[in-house]
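# Residue-level structural notes
Here's the letter readout for the chains.
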Amino acid sequence: MARILVISADPIDLTWLENAPSLQECRIETAAAEADAIRLLERRNFDVVLTDPGNPFDKDLALVEKLRTLRPGLRIIVLAPAATTQELIAALRAHVFACFCAPYDPGEVVAMIARAIAETDWRDGIEVLSARPNWIALKVASRKLTAERLIRLMDELKSDLPDPEREALITAFREILMNAMEHGAGFNPELVVEVSAVRSQHAIVYYFRDPGPGFNREDLPHAATSNTAENPIAHMAFREEHGLRAGGFGILVTRQLVDELIYNERGNEVMLIKHLK
């Protein structure tokens, strides 16, 4: 039975955890303070720890270091009132599993907990090459879970943007990242995708480089961009025939969400540019 430890100095309503269908087989325990959590972890292992949602982010990061020393394979999900860009970068370096800043959707937290529990052979998969508030460069293992964790972090990093703009950016980021992992790296966890996020005064730029041979943008039978007016869903039959995941709308959708979509000659590098108002 998977174990979840929730740290909270104040009594909190855990019905959203206890009633979640995906967590029905889990044992959920609470610790009133950090010292209590450490004592529990000294006695037995937990699969996932949720930090105190009332604690400042920097206090959570200090606790993360202690808990990971105690239990190196522990998956820690940080719940916090707020976080700066520097703090989110620090969480990346500390190999935090995921971060949620208020107000967060309990359903999204539950889904991430379930993914953490299901990943029995968890490896962080995110290497920080360089990180400053306006320029983050990463190497990311080609795994769906790693993509989900990175998307969650990028969503928090763009929390200062208006909702429609933020949602569009994250959707575009997700589509190109998943394309790079699926078609460029074949979801091979031994291969990595390079990802950079740059923010200037007037624009946000995402850069992706996958290890694949690239592609001819005029010959993409698996993508919706290749469909004709007579057969607008032709790519779906191709994807099913070749065992590809449902989709194929990534490039088409992304073009509508950002201001510029630029590929290199080979097609294994792409830049997304969104101009800021």
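Below you will find a few notes about this structure.

Here is what the cut-offs are and how they apply
Throughout this description, residue numbers start from 1 for each chain and increase along the sequence as written. Only residues with pLDDT of at least 70 are given local features in this predicted model, and only at 80 or more are side-chain atom pairs given and counted; all residues enter the totals for whole chains, interfaces and linings. Working from all heavy atoms in the structure, the side-chain values ignore hydrogens and water. Comment: elements are numbered from the N terminus, with helices defined as DSSP H or I runs of at least four residues and strands as E runs of at least two. Take the number of residues in a helix, subtract one, and multiply by 1.5 Å to get its expected span. Working definition: with a 1.4 Å probe on protein chains only, accessible area under 20% of the residue-type maximum means buried, over 50% means exposed, and in between means partly exposed. The reported arc concerns the directions from the helix axis to the C-beta atoms and nothing else. Here a residue-residue contact requires only that any non-hydrogen atoms of the pair lie within 4.5 Å. Only strands joined by at least two bridges in the DSSP assignment are considered to pair. Handedness of a crossover: with both strands directed away from the viewer, a clockwise path from the first strand across the helix to the second marks it as right-handed.

### Section: helix H3 (residues 57–70)
Here H3 is 14 residues long and its end C-alpha atoms lie 20 Å apart, about the 20 Å a rise of 1.5 Å per residue gives. Buried residues of H3: Phe-57, Asp-60, Leu-61, Leu-63, Val-64, Leu-67 and Arg-68, and no others. The arc that holds the buried residues of H3, viewed along the axis, is 165°, so those residues lie on one side. Turned more than 90 degrees away from the buried face of H3 sit Glu-65 and Thr-69, all of them exposed. On the buried face of H3, the contacting elements are strand S1 (3–7), helix H2 (34–43), strand S3 (48–50), strand S4 (75–80), helix H4 (85–93) and strand S5 (98–101).

### Observations concerning unusual backbone geometry
The omega angle of the peptide bond from Ala-102 to Pro-103 is -5°, so this bond is cis rather than trans. Tracing the sequence through the fold places Pro-103 in the loop between S5 and helix H5 (106–118). The backbone of His-95 sits at a positive phi, close to 60°, despite the residue not being glycine. Its identity is not glycine, yet Phe-187 carries a phi of approximately 50°, on the positive side. Examined against the element boundaries, Phe-187 turns out to sit in the loop between helix H7 (163–184) and strand S8 (192–199).

### So, the pairing of S5
Side chains of S5 alternate between two faces, with Ala-98 and Phe-100 and Cys-99 and Cys-101 buried alike. Looking at chain direction, S4 and S5 are connected through four bridges and run parallel. Paired with Val-78 across the two strands is Cys-99, which belongs to S5. On the question of chirality, the crossover connecting S4 to the parallel S5 by way of H4 is right-handed.

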